[in-house]
Amino acid sequence: MTRGRFITFEGIDGAGKSTHLEWFAAQLAARGVEVLLSREPGGSELAETLRTLLLGAAMSSETELLLIFAARHDHLERTVLPAMARGAWVLCDRFTDSTYAYQGGGRGMALERIATLESWVHPGFAPDRTYLFHVDPALAATRRSRARAADRFEAEDFTFFSRVAEGYARRIAVDPGRFFVVDGTQSVSEVRAELEQDISTYW
Ligand code: Z5A
């Protein structure tokens, strides 16, 4: 079976990753690759419904974690894996690294519990490469406040996002070869130059 690639964009909210997603997809498409742009939570009809709940409805951390993996299961089953099976490359805004960073780091949930759900929902499946946009949580907060009204995650405070950033740092330590860390404090064009360089050397 031809297998496409699975590429993820990660970072604390306000790090700037979404600004580059469509542009990045276009760079890959220009190389003749079929690219599917997706996101988590979301990316399938059911998962998008769960996303609305996750971003807006009050719930415990346990319920949040279970809903995230339920959404992920549906997204993988209906969108990601069928696309990859036909050879498409899936470019996804957030995936399981977000769960380790936000639910593990931010919410303080046990990492073993997340690992158990991960090994149930997608055993042996991980992104081929992850672009992690790194900015100081203080700069990210300034960008967020300029952008729009806060959802349930964006309304969290500076210490929450500092813990999320630490959660990402732990993910890099576990699997350094998978990550390309982007300095998100640079200008949009500088970030794109860095990404372009990586696309031409890595892919
Ligand atoms: N979540 C979770 O908890 N657990 C999980 O497992 C998963 C997700 C999968 C989804 O929110 C939320 O779900 C997320 C974590 C949680 N929430 N948080 N926080 P989302 O999808 O709505 O939002 P987001 O993923 O956090 O991304 P975003 O809002 O699209 O933000 P961003 O990608 O980090 O940044 P941006 O939109 O590209 O840029 C933010 C602003 O900065 C914007 O005004 C830009 O114009 C500006 N910007 C961007 N780059 C630059 C540069 N280089 N210079 C200056 N200004 C810039």
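The structure we're discussing is the one just above.
Quick caveat: nothing in here was measured; it's all calculated off a predicted structure.

Student: Help me out: how do you make sense of the packing of helix H4 (residues 96–106) against helix H5 (residues 111–121) in this one?
Tutor: How two helices sit against one another is set out by the angle between their axes and by the gap between those axes. Here H4 crosses H5 at 155 degrees, and the two axes come no closer than 10 Å. Our classification of the angle between H4 and H5 gives roughly antiparallel. Helix-helix and strand crossings are classified by hand; for H4 and H5 the assignment is right-handed. Between H4 and H5, the contacting residues are Thr-96, Thr-99, Tyr-100, Gln-103 and Gly-104 on the first element and Leu-111, Ile-114, Ala-115 and Glu-118 on the second. The residue inventory of the contact of H4 with H5, partitioned by class, reads four nonpolar, four polar and one charged.

Student: Could you clarify how one ought to interpret the sheet that holds strand E3 (residues 89–93) in this entry?
Tutor: Adjacent strands of a sheet form backbone hydrogen bonds with each other and so pair up, either parallel or antiparallel. One open sheet accounts for five strands, arranged E2-E3-E1-E4-E5; its pairing is parallel. Looking at the sheet topology across the chains shown, the edges are occupied by strand E2 (35–39) and strand E5 (179–183). Neighbour to neighbour, the strand axes of the sheet diverge by 20 degrees on average, direction disregarded. Strand direction decides the pairing type here: strand E4 (residues 129–134) and E5, joined by five bridges, are parallel.

Student: Just checking my understanding: could you explain the site of the ligand for this structure?
Tutor: Taken together, 29 residues lie near the ligand, and Asp-13, Lys-17, Ser-18, Thr-19 and Thr-99 sit nearest. Gly-14 places a polar main-chain atom, nitrogen or oxygen, 2.7 Å from an oxygen atom of the ligand. Between the ligand and Tyr-102, the relevant distance is 3.5 Å, taken from a nitrogen atom to a side-chain nitrogen or oxygen of the residue. Across the complex, the protein chains shield 83% of the 1100 Å² of accessible surface that the ligand would expose by itself. With four residues, H4 is the largest single contributor of residues to the shell around the ligand. Here the residues of the shell around the ligand sort into nine nonpolar, ten polar and ten charged.

Student: Sorry, what's going on with the nonpolar core here?
Tutor: Considering soluble globular proteins, one finds that nonpolar side chains tend to be buried as a cluster. Grouped together as the largest cluster of nonpolar side chains are 30 residues, with contacts concentrated most on Ile-12, Phe-24, Tyr-102, Tyr-131, Phe-133 and Leu-195. Element by element, the count of residues in this core is highest for helix H1 (residues 18–29), at five residues. Phe-24 has contacts with Ile-7, Phe-9, Leu-91, Tyr-131, Leu-195, Ile-199 and Trp-203, leaving out every residue within four places of it along the chain.

Student: Where do I start with helix H2 (residues 45–56) in this structure?
Tutor: Along an α-helix, residues three or four apart share an orientation, since each turn contains 3.6 residues. Spanning twelve residues, H2 covers 17 Å between terminal C-alpha atoms, matching the ideal 16 Å at 1.5 Å per step. Listing the buried residues of H2 in full gives Ala-47, Leu-50, Arg-51 and Leu-54. Taken down its axis, H2 places every buried residue within 115 degrees of arc, on the same side. Turned more than 90 degrees from where H2 packs its buried face, Glu-45, Thr-52 and Gly-56 sit exposed. Those residues of H2 hidden inside the fold are in contact with E2 and helix H3 (61–85).

Student: What is the right way to look at the packing of aromatic side chains in this model?
Tutor: Two aromatic rings, taken as a pair, are described by how far apart their centres are and by the angle between their planes. Counted under the stated rule, the structure contains 14 aromatic pairs. Between the aromatic rings of Phe-95 and Phe-125, the centroid separation amounts to 6.2 Å while the plane-to-plane angle is 80 degrees, which identifies the pairing as edge-to-face. Of this pair, Phe-95 sits in the loop between E3 and H4 while Phe-125 sits in the loop between H5 and E4, and the two are 30 residues apart along the sequence. Taken as a pair, Phe-95 and Phe-125 share a single burial class, namely buried. Where Tyr-102 meets Phe-161, the ring centres are 6.3 Å apart and the plane angle is 85 degrees; that geometry is what we call edge-to-face. With a gap of 59 residues between them, Tyr-102 in helix H4 and Phe-161 in helix H7 (residues 158–174) connect regions that are remote in the sequence. A relative accessible area of 6% means that Tyr-102 is categorised as buried. An aromatic cluster of at least three residues, connected via ring pairs, comprises Phe-9, Phe-24, Tyr-131, Phe-133 and Phe-180. Residue placement shows Arg-144 over the ring face of Phe-161; its charged tip is 3.9 Å from the ring centre. Lying over the aromatic face of Phe-153, Arg-152 brings its terminal NZ or CZ to 5.2 Å of the ring centre.

What counts as what
Residues numbered from 1 in each chain as written. Predicted model: local features only at pLDDT ≥ 70, side-chain atom pairs only at ≥ 80, totals over all residues. Heavy atoms only, no water. Axes fitted to C-alpha atoms, helices over the stretch in contact; angles between N-to-C directions. Helix = DSSP H or I, 4+ residues; strand = E, 2+ residues; numbered from the N terminus. Parallel < 35°, antiparallel > 145°, perpendicular 65-115°, else oblique. Left-handed = near helix turned anticlockwise from the far one by under 90°. Contact = heavy atoms within 4.5 Å. Nonpolar A, V, L, I, M, F, W, Y, C, P; charged D, E, K, R; others polar. Pairing = 2+ DSSP bridges. Near = heavy atom within 4 Å. Polar contact = N/O pair within 3.5 Å; in protein donor to acceptor, adjacent residues only side chain to side chain. Areas by Shrake-Rupley, 256 points an atom, 1.4 Å probe, with all protein chains shown as cover. Core = buried A, V, L, I, M, F, W, Y, C linked by side-chain atoms within 4.5 Å. Buried < 20%, exposed > 50% of the residue type's maximum accessible area, 1.4 Å probe, protein only. Expected span 1.5 Å × (residues − 1). Arc of directions from axis to C-beta. Phe/Tyr/Trp six-rings, centres within 6.5 Å; stacked < 30°, edge-to-face > 60°. Lys NZ or Arg CZ within 6 Å of the ring centre and 35° of its normal.

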